[in-house]
Amino acid sequence: MTRRDTAAADTPDTAATKGAAGAAGVVEPGPDGSGHRDPGAGSRTGRARRAVRGLLRRAARPGPWKRGRVLAVLALLLGLVMLLHAGIPNRIGHLGSLVESLLPWCGLFVPVLLAAALWRRSATAVAALLLPAVVWLNLFGGLLTDKSVPGGDLTVACHNVDADNPDPAGTARALAASGADVLALEELTGGATDTYEKVLARTYPHHTVLGTVGLWSRLPLSDTRPVDIGTDQGRLADTIPAAVKAEYNRALRTTVATAHGPLVVYVAHLGSVRLLPRTGFWTSQRDAGAQALARAVAAERTERVVLLGDLNGTTDDRAFAGLTGILHSAQEAAGDGFGFTWPAAFPVARIDQILVRGVRPRSSWVLPATGSDHRPVAARVSW
């Protein structure tokens, strides 16, 4: 039988059967012998299957309270570190002091973790971030506002001028132009001291230098003496001649005669700190100096006291608990912001301090950078 005969042999019953098969989605062979499905066939069943698969995928996906658990744990740990920083032991590499020195910067992790939590759409992580946010604001929120007020009777300033300062004369001129009545300098060495004395003499008729620290004043000075802050320790400390010790003396005490009575001023440059691979945060010499300085100030009978100096540490560091227990930070009381001073190019910590007792800070600020690796600080106080 020929193809024409075969096509002609399709009776009405056969055509009806093919139509029913097509409606049921049965694949019929095409002219080339391959099968095809009517595009409209079985679409309701396909949609149902796709809907079921979508529901299963959504059911397997964790909800907003189940996502981001790692982020939530990190947020809680951050909050606990700030909340319980005083409990971090110093026995291993002075870890506690290191954390406290950088404590304000812990706040930077809050927006970072918040962005990650929002990206993950994690309600758990967002809720956990409330702890570090509240703790940080409780610790440092007060520093975000300007607490300075007009007025004041005396302006004091302090600057570690840096032994390697390439322009001591320029630094001296900038400090003289600051308007300070009393100016403390640390890290005075060699011929640079002569330069500071020469340039500052035009503004400050009174000054004293003991070793590597000095004080310049518009007002008379008296009763100046060195302060032993334990720079020399160990078995050989007693064998060092007094003249040699005087050359690198790092603290002094003097009295400034003001119209409101005597003001005792301490100038100090405590020992440096180091971050070492084996010992961690090395602060032994600085800590000993802080304790000795605290004892000297505590024994001071004069009511009004100002401490100016490079303490090589922040007031959050537990090593200064003896000092901060009897003196108050001018920056915290009357400053605007954190008042970071070191390093000068991009300050990350306030290690140059103005601490007071018996006088009221009216304002506190950081002066423009000089040729030093520290930035100078100033404050205005009243009686």
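The rules we used
What you see as residue numbers is a count from 1 along each chain, following the sequence as written. With the structure being a predicted model, the display of local features is reserved for residues of pLDDT at least 70 and the display and counting of side-chain atom pairs for 80 or more, all residues being used for whole-chain, interface and lining totals. Here the side-chain values reflect all heavy atoms present in the structure, with hydrogen atoms and water set aside. Strands here mean DSSP runs of E at least two residues long; helices mean DSSP runs of H or I at least four residues long; both are numbered from the N terminus. Think of it in three bands: with a 1.4 Å probe and only protein chains considered, a residue is buried below 20% of the maximum accessible area for its type, exposed above 50%, and partly exposed in between. Residue contacts follow a heavy-atom distance rule, with two residues in contact if any of their heavy atoms lie within 4.5 Å. Pairing between two strands requires that DSSP report at least two bridges joining them. Every crossover in which the path from the first strand over the helix to the second runs clockwise, viewed with the strands pointing away from the viewer, is termed right-handed. Patch definition: residues with relative accessible area over 30% and no salt bridge; like charges joined within 9 Å; nonpolar side chains (Val, Leu, Ile, Met, Phe, Trp, Tyr) joined within 5 Å. Each accessible area value is a Shrake-Rupley result obtained with a 1.4 Å probe; residue values ignore everything except the protein chains displayed when judging cover. A side-chain nitrogen of Lys or Arg and a carboxyl oxygen of Asp or Glu constitute a salt bridge if their distance falls within 4 Å. For this count, His and the chain ends are skipped, Lys and Arg are scored as positive, and Asp and Glu as negative. For this purpose, a charge sits on NZ of Lys, CZ of Arg, CG of Asp or CD of Glu. We call two N or O atoms a polar contact when they sit within 3.5 Å, provided that within protein one can donate a hydrogen and the other can accept it, with sequence-adjacent residues counted only if both atoms are side-chain atoms. Cavities and pockets are defined on a 1 Å grid built over the protein atoms alone: a cavity is a set of grid points where a 1.4 Å probe fits but cannot escape, while a pocket is an open set with protein on both sides within 12 Å along at least five of seven lines, and lining residues are those with an atom within 4 Å of any such point. Grid points are joined across faces, edges and corners, and a volume is the space filled by probe spheres set on the points. Amino acid classes used here: Ala, Val, Leu, Ile, Met, Phe, Trp, Tyr, Cys and Pro are nonpolar; Asp, Glu, Lys and Arg are charged; the rest, including Gly, are polar. Between 30 and 60 degrees the pair is tilted, below 30 it is stacked and above 60 it is edge-to-face, where a pair is any two Phe, Tyr or Trp rings, Trp via its six-membered ring, whose centres lie within 6.5 Å.

Account for the overall build of the chain, with residues named and values stated.
For the chain, the count of helices and strands is 14 helices and 16 strands. The buried share of the chain, taken over its 383 residues, is 41%. Nonlocal contacts in the chain, meaning residues at least 24 apart in sequence, comprise 70% of its contacts between residues at least 6 apart.

A description of the sheet that holds strand E12 (residues 305-310) should follow, citing residues and the corresponding values.
Overall, mixed pairing links the six strands, which are arranged E7-E8-E9-E12-E14-E13 in an open sheet. Sheet topology places strand E7 (221-226) and strand E13 (328-329) at the edges, where each strand pairs with a single neighbour. Both strand E8 (residues 251-258) and strand E9 (residues 261-269) contribute to a ladder of eight bridges, which runs antiparallel. Along E9, the bridge assignment pairs Thr255 with Val264.

Describe the pairing of strand E3 (residues 154-160), with residues and values.
Within E3, seven of the seven residues are buried, which leaves it mostly tucked inside the rest of the structure. Because side chains alternate across E3, one face comprises the buried residues Leu154, Val156, Cys158 and Asn160, and the other comprises Thr155, Ala157 and His159, equally buried. Sheet analysis places E3 next to strand E16 (residues 377-382), joined by five bridges and oriented antiparallel. Opposite Thr155, over in E16, you have Arg380 as the bridge partner. Alignment of E3 against strand E4 (residues 182-186), held across five bridges, turns out to be parallel. Each bridged residue has a counterpart across the sheet, and for Asn160 the counterpart in E4 is Glu186. Chirality of the crossover, the property in question, places the unit of E3, helix H9 (residues 168-176) and E4 among those that are right-handed.

Kindly report on a positive patch on the surface, identifying the contributing residues and their values.
A cluster of basic residues, Arg44, Arg47, Arg49, Arg50 and Arg53, forms a positive patch on the protein surface. With respect to the helices and strands, Arg44 occurs in helix H3 (residues 43-60).

Outline the side chain of Ser329, listing residues and values.
Note that Ser329 resides in strand E13. Here the side chain of Ser329 touches Glu332 through a polar contact of 3.3 Å, landing on its backbone nitrogen. Not counting the four nearest positions on each side in its chain, Ser329 is found in contact with Ile354 and Leu355.

I'd love a proper account of the layout of surface pockets, names of residues and values included.
Its volume calculated, the largest pocket comes out at about 490 Å³. Around the largest pocket, the lining is made up of 22 residues, and of these Val273, Phe281, Asn312, Trp342 and Ile351 lie nearest the centre. Those elements that place two or more of their residues in the lining of the largest pocket are helix H5 (95-101) and strand E10 (274-276). The residue inventory of the lining of the largest pocket, partitioned by class, reads nine nonpolar, eight polar and five charged.

Summarise the packing of aromatic side chains; cite the residues concerned and give the values.
The final tally for this structure, using the stated rule, is five aromatic pairs. Summarising the aromatic geometry, the rings of Trp136 and Phe338 are spaced 6.3 Å apart at their centres and angled 55° between planes, so their arrangement reads as tilted. Of the two residues, Trp136 is situated in helix H8 (residues 130-140) and Phe338 in the loop between helix H14 (330-334) and strand E14 (352-357); the sequence distance between them amounts to 202 residues. One aromatic cluster in this structure is built from Trp105, Trp136, Phe140, Phe338 and Phe340.

Please provide a residue-by-residue account of a nonpolar patch on the surface, values included.
There is a patch of nonpolar side chains on the surface, built from Val70, Val73, Leu74, Leu77, Leu80, Leu83 and Leu84 and spanning about 650 Å² of accessible area. Looking at the element boundaries, Leu77 is found in helix H4 (residues 69-83). A residue is classified by how much of its surface remains accessible, and Leu77, at 47% relative accessible area, is partly exposed.

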